[in-house]
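Spelled out, the chains give:
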Amino acid sequence: MDPFDAGAGGLLKQPKSVWATAGASVVAFMGIGLVDPILPSIAQGLDATASQVSLLFTSYFLITAVAMLVTGFVSSRIGGRKTLLLGLAFVVVFAGLAGTSGSVGELVGFRAGWGLGNALFVSTALAVIVGAAAGGSAAAILLYESALGLGMACGPLLGALLGDANWRYPFFGTAFLMAVGFLCITVFLKEQPRPARKTSLLDPIKALGHGGLASAAVSAFFYNYTFFTVLAFTPFVLNMSPYRSGAVFFAWGVLLAVFSVIVAPRLQKRFGSLKVLGGSLVLLAADVLVLGYGSHTTAVVCTILSGAFIGVNNTVYTELALGVSDAPRPVASAGYNFVRWFAAAAAPYFAPKIEEWTDIRIPFVVAAVTAVAGAVVVVVRRKALTREAEELEPRHATEDGVTVFAN
C-alpha cells in the first residue's frame, strides 16, 4: 500500500488523535533548533560568552540522554497518553520559565527541564501514532518522520521571527504552542494499551550488550558530535541577524526533511543501508571541513547542504537501531539513544571551547574526524550489523509499539 494514498488508511486519512499527536510532535522537534538563530542575541542580552550560551544545548541533551532510561519505565506503567501529557506539561512550564530568565545560568537550568519534558513526549509519540494510526505502521512512521522534518525546519524559522523582536519571545511562543498540543491530546487521544511487560530502568543498558546495537550506538555517537557541531556552533561562525540565520537553518531543515523521508529510502533500496550510511558520513565530513575553511558564502552553502547528509544518516541510523538486535524495539531504542545523545550534549560545549584554545576552524576539523570515525565503525562492524539486521528483518517489519527518539 502506498502510504501517500489519500484513501482509507492512507497518510491523509488518519484519526484526529493521530493528527493531534503529530502536530504536537512538530512543535516538540521545533524546540531542538529553536534557539539556533538567536544564540548570538541571547549571548548579547545576557552578557554571556558563546561557550556559556551553547550550554543551552548541552543541558537539554544531557538530560535527554539520561531520560532515555526513564521514559520506557514511565510509559509502561502509566500508559502512553499520560506520558505524553506529562512531557508536554514539563515543556510548557520550563519553556515559559526560560523566557523569564535573568541569567544564562537560569536559562540553562530551565532548558534542562525542557529537555526532560521533550524526552518523555517524543520518545513516546511514535508508539502512540503507530498504535492509533489507520493503515498500519508505514503511514504512521512516514507521518512521524514528516513531523520531525517539519519541526526541525520550522524551529529556526520561528526562533528568527519571534527572536528578532526579543530573544525571550520564542520561548513564550513554544510554551503557548505546546499548551495547545496538550489540550488537543487531552481531547482527541484515548489511552493506548499498555505493554504486557513493564520495562525496568536497566533494560536499555542490558540491550547494549548486543554487539550490533552497541556498534550502531557508538557510530551514531560520533555522528551526533558532528551533527550538533553544525547545529549549535555554526550560528556563531555565520554571525548573521536572526532573520538571515533562521532562513539558513530553515533551508537546512527542508533538506533534512526531504532527504530523510524521500531520498534516503530510495538510496537504501538501490545501494544498501551500510553503503549509503558510510558514504553519507564521509560526504558530511568533507562538507564540514569546507564549511570551516571556506568563505562566509561557502559556509552558508555548506551549512544548508549538511542537512541533506544529516537527513540520510538519521533515517539509516533509526532503522539500524530498531532492527539490529533481538531486544524489544522500545528497549533497543532507549539504549541506543542513551549513548548517542551524550554526543549531542558534548558537541555544543566542546566546539566553542576548542575555538577558544585554537582557532575557529579546528572545531570543524574535529567534527570531520568524528564523522569519519562513525563511518569507520560501520565498515569495521559491517558483518555484525548486516547479519543481525537481515536475521531480524521480519520482526522489524511487523512489530508495533515503537518508542523512538532516534532522529
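Scroll up for the structure.
Report follows, based on the coordinates.

**Quick look at the packing of helix H6 (residues 104-132) against helix H8 (residues 169-188)**
- Here H6 crosses H8 at 25 degrees, and the two axes come no closer than 14 Å. When the interaxial angle is binned, H6 and H8 end up roughly parallel. Crossing of H6 against H8: the hand is left-handed. Each of Leu-107, Trp-114, Asn-118 and Phe-121 in H6 lies in contact with H8, whose residues at this interface are Phe-171, Thr-174, Met-178 and Ile-185.
- Residue composition of the contact of H6 with H8, by class: six nonpolar, two polar and no charged.

**Topic: the side chain of Asn-118**
- Tracing the backbone shows Asn-118 in helix H6.
- With near-sequence residues (within four places) excluded, Asn-118 lies in contact with Ala-28, Tyr-60, Val-91, Ser-123 and Met-178.

**Description of the side chain of Asp-287**
- Looking at the secondary structure, you find Asp-287 in helix H12 (residues 273-293).
- Despite being buried, Asp-287 has no salt bridge partner; Arg-361 is the closest side chain of opposite charge, sitting 15 Å away.
- Ignoring anything within four residues of it in the chain, the contact list for Asp-287 reads Cys-302, Leu-305, Ser-306 and Phe-309.

**Description of a nonpolar patch on the surface**
- Taken together, the side chains of Phe-176, Leu-177 and Val-180 make up a nonpolar region of the molecular surface, amounting to roughly 260 Å² of accessible area.
- If you trace the backbone, Leu-177 turns up in helix H8.
- A relative accessible area of 32% places Leu-177 in the partly exposed class.

Reading the values: the criteria
Residues numbered from 1 in each chain as written. Predicted model: local features only at pLDDT ≥ 70, side-chain atom pairs only at ≥ 80, totals over all residues. Heavy atoms only, no water. Axes fitted to C-alpha atoms, helices over the stretch in contact; angles between N-to-C directions. Helix = DSSP H or I, 4+ residues; strand = E, 2+ residues; numbered from the N terminus. Parallel < 35°, antiparallel > 145°, perpendicular 65-115°, else oblique. Left-handed = near helix turned anticlockwise from the far one by under 90°. Contact = heavy atoms within 4.5 Å. Nonpolar A, V, L, I, M, F, W, Y, C, P; charged D, E, K, R; others polar. Buried < 20%, exposed > 50% of the residue type's maximum accessible area, 1.4 Å probe, protein only. Lys, Arg positive; Asp, Glu negative; His and termini not counted. Salt bridge = Lys/Arg side-chain N within 4 Å of Asp/Glu carboxyl O. Patch = residues over 30% accessible without salt bridge, like charges linked within 9 Å, V, L, I, M, F, W, Y side chains within 5 Å. Areas by Shrake-Rupley, 256 points an atom, 1.4 Å probe, with all protein chains shown as cover.

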